[in-house]
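Spelled out, the chains give:
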Amino acid sequence: MSVPMIRLDNIEKVYRTDRIETVALSGINLDVEEGEFVSIMGPSGCGKSTLMHLMGLLDAPSKGTISLGGAVVTDASDKALARLRNQSIGFVFQSFHLIPDLSVLDNVEIPLLYRKVGAAERRKAAEAALERVGLSARKHHFPSQLSGGQQQRVAIARAIVGKPRILLADEPTGNLDSQMGDEILSILQDLNTKEKTTLVMVTHDPRQAEKTARTIRMFDGRRVN
Amino acid sequence: MLGNYLKLSLKILGRRKFFTFVSLFGIGFTLLVLTLSAAVLDHIFGAYPPETRADRTLSVYAVRMEGDDSQSTGPGGFKLYDQYLRDIPGVERMSVLTTPQHVVSYWNGTRIQSALKRTDADFFRILDFRFLEGEPFGDADVNDGRFVAVINESTRRKFFGKAQAVGKSFEADGQTFKVVGVVPDVPIFRLMASGDIYVPVTTAKSDEYRQRIRSGFMAMFLVKDRSLIESVQQEFKARLARVEVPPNFKRILAVPESVFGTFSRVILGDFESEDTASRLLSILLTMAVLFMVLPAVNLVNLNVSRALERASEIGVRRAFGASARDLLLQFLFENVIISVVGGVLALIMAALALFALNRADLVPYAHFAINFRIAAWGFAFALTFGVLSGLWPAWRLSRLKPIQALGGSR
């Protein structure tokens, strides 16, 4: 039996303040196989994004363990987690999160800055990633000069420039019209089929979820399927 | 990585014009004041001609006599130096000189005021004057009480215009002196070297000065080697203990030291401690740091309040592999860059301000300038300011959890 790319084992996430304790996730068990394209659906506030952040090692669970490629990473240090995110995971966010002061090319290079990669090689890889999403012509533009769809394509280029094994997309089409949304989804599908990138996508759109291999449904912090 | 940080810093400076202006104004003004202060201190205490042997020259500007009910502080007397402090082992040369006396001359219907110093031939051997004309007076001139004088170039201009002065005579303080040499002007800050007219001590109007333990004289000791300074100081101290002090006084205190040391001793009023120079230097550096604190706190505030604006960037960098340390370095580097830019602006403004100060001729014979040493100090101030104002905001920003910074990824 192959080792799952992502394994969540009995995950619980509780947010605590002085007065209130909010259970965001409870008893989550989930395996995502290598090369799989999984979507996560559910109503607002059901814990989809929290789940994705845990998979992306952007947040730590209150209980349970997370394994990537068979290695438990829950107790890793800040530095080790940073390295794992850098080497293995790419992110695409709903609101793009491009750095406005940097050009498209500089934005795409960001993940490679935290690897020992020379400037020329970085530039070449960033140009290739932009080529992959069809935005080579805009590499010297700034994010504010691009449409929403173009910005999201830049964000995808940034996510794939380091050739991560896992791509996590948190409502990547949420801020786009349906035509743009379809374009973005087809890029993601293409990455999954051609590059065998493991893909997890949070979405509200059942039409898009249908295009993925498997859909995880969430409600009130729990898996319902 | 650093190149990328530099690029980002410069881009942010260019794109956030108001922030850049406010930051640079605060940093630039602070560093301007500090750089100007450093330039003035360097001008006063740096090893410039004629004090090129400052590293092994010890000076005594003031002494203190103490009794049960009385205390007297001021320049030492000729007798103190001549009778008790000559021939200290390790001292190559010793010079005794008066504090500058303001004398008046009437010359071709003009009133000329000059600072006159009476001294000996070793004065010109310890100090490294570049003679524009003639030569210094010698031991024979001093021993015979000849009325000869070395004057500075401003005095030459006042008395003789553009003509040569050597061989000509002039009158000062009711005495007539023949010029034997002309030297460049020395700023009045240089307590030992500055003066308009230098004449042999033996031309004094009376011999009374020879009997005084405390009055009107300073001394310079050229030590053979820097390593001997401490032993010279100890011998000096031992000899002071043997001085026969005037009635009402029990002891006399003084320490031969660098010009800055002498200055510190007078400023701090401390005639006993071994090392007042480091104390004054610490005080000055503390004042410099305190002076930087307020604008630094302002910049800290500005930086922290900008954290929200840059939260998304922090989140993205964390998500794509930056560790907290990477971010700490990035933000610190950015702050140091803006501080260094502020420092460069401050240096340019300081150079202009010093140019104006020199033109205004507020300080006689002073020629303030920015040199490599001042630029180094300016750079050090800028770095200190950058780290001081950048560390805390950088640390706070770097500690943001990725998910907090991304605001739930929205």
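Calculation rules
- Residues numbered from 1 in each chain as written.
- Chains lettered and ligands numbered in written order.
- Predicted model: local features only at pLDDT ≥ 70, side-chain atom pairs only at ≥ 80, totals over all residues.
- Heavy atoms only, no water.
- Helix = DSSP H or I, 4+ residues; strand = E, 2+ residues; numbered from the N terminus.
- Buried < 20%, exposed > 50% of the residue type's maximum accessible area, 1.4 Å probe, protein only.
- Areas by Shrake-Rupley, 256 points an atom, 1.4 Å probe, with all protein chains shown as cover.
- Phe/Tyr/Trp six-rings, centres within 6.5 Å; stacked < 30°, edge-to-face > 60°.
- Pairing = 2+ DSSP bridges.
- Contact = heavy atoms within 4.5 Å.
- Axes fitted to C-alpha atoms, helices over the stretch in contact; angles between N-to-C directions.
- Parallel < 35°, antiparallel > 145°, perpendicular 65-115°, else oblique.
- Left-handed = near helix turned anticlockwise from the far one by under 90°.
- Nonpolar A, V, L, I, M, F, W, Y, C, P; charged D, E, K, R; others polar.
- Core = buried A, V, L, I, M, F, W, Y, C linked by side-chain atoms within 4.5 Å.

Asker: Describe the overall build of chain A, naming the residues involved and giving the relevant values.
Answerer: Within chain A one finds 7 helices and 10 strands. By residue count, 55% of the 225 residues in chain A fall in the buried class. Just so you have it, chain A exposes about 9900 Å², and 49% of that area is on carbon and sulfur atoms.

Asker: Please set out the packing of aromatic side chains residue by residue, giving values where relevant.
Answerer: Enumeration over the complete set of coordinates arrives at 27 aromatic pairs over all chains. Consider the rings of phenylalanine 91 of chain A and phenylalanine 320 of chain B, whose centres lie 6.0 Å apart with planes at 90°: the pair is edge-to-face. Linking phenylalanine 91 of chain A in strand E6 (residues 89–92) with phenylalanine 320 of chain B in the loop between helix H10 (311–319) and helix H11 (324–360), this pair reaches from one chain into another. You'll find phenylalanine 91 of chain A and phenylalanine 320 of chain B in the same group, each marked buried. Centre to centre, the rings of phenylalanine 221 of chain B and phenylalanine 236 of chain B are 5.7 Å apart; their planes meet at 90°, and the pair counts as edge-to-face. One end of the pair, phenylalanine 221 of chain B, is in strand E12 (residues 217–223); the other, phenylalanine 236 of chain B, is in helix H7 (residues 229–241), with 15 residues separating them in the sequence. In this structure, phenylalanine 221 of chain B and phenylalanine 236 of chain B share a single accessibility class: buried.

Asker: Run through the sheet that holds strand E8 (residues 198–202) of chain A, naming residues and quoting values.
Answerer: Residue and element names in this part refer to chain A. Pairing is mixed across the open sheet formed by 6 strands, whose spatial order is E6-E7-E8-E3-E9-E10. Because the sheet does not close on itself, it has two edges, and the strands there are E6 and strand E10 (222–223). Strands in contact with helix H2 (residues 78–88) are E6 and strand E7 (166–170); relative to E6, the strand with the most contacts, it is inclined by about 75°.

Asker: Could you give an account of the packing of helix H1 (residues 2–15) of chain B against H11 of chain B, with specific residues and numbers?
Answerer: Residues and elements named next belong to chain B. Between H1 and H11, the least distance of the axes is 9 Å, while the angle of their chain directions is 55°. Judged by the angle between their axes, H1 and H11 are oblique. As for how H1 packs across H11, the hand of that crossing is right-handed. In this structure, H1 uses Leu2, Tyr5, Leu6, Leu8, Ser9, Leu10, Ile12 and Leu13 to contact H11, whose residues at the interface are Asp326, Leu329, Gln330, Phe333, Glu334, Ile337, Ile338 and Val341. Taken together, the residues of the contact of H1 with H11 sort by class into 12 nonpolar, 2 polar and 2 charged.

Asker: Could you give me a rundown of the nonpolar core, with the residues and numbers involved?
Answerer: Nonpolar side chains in soluble globular proteins tend to end up buried together. Ranked by internal contacts, the top residues of the largest apolar core, which has 82 residues, are Ile6, Leu8, Leu51, Met55, Ile156 and Leu188 of chain A. With residues near it in sequence (within four places) discarded, methionine 55 of chain A still touches Ile6, Leu8, Leu30, Ile40, Leu68, Ile89, Leu168 and Val200 of chain A. Residues Leu80, Met94, Phe123 and Phe137 of chain B belong to the second largest nonpolar core, which totals 48 residues.

Asker: How would you summarise unusual backbone geometry if you had to cite specific residues and measurements?
Answerer: Cis geometry marks the peptide bond from proline 49 of chain B to proline 50 of chain B, where omega comes out at 5°. Inspection of the secondary structure assignment puts proline 50 of chain B in the loop between helix H2 (17–45) and strand E1 (57–60). The phi dihedral of phenylalanine 96 of chain A is positive, around 65°, even though this residue is not glycine. Among the secondary structure elements, phenylalanine 96 of chain A is positioned in the loop between E6 and helix H3 (104–113).

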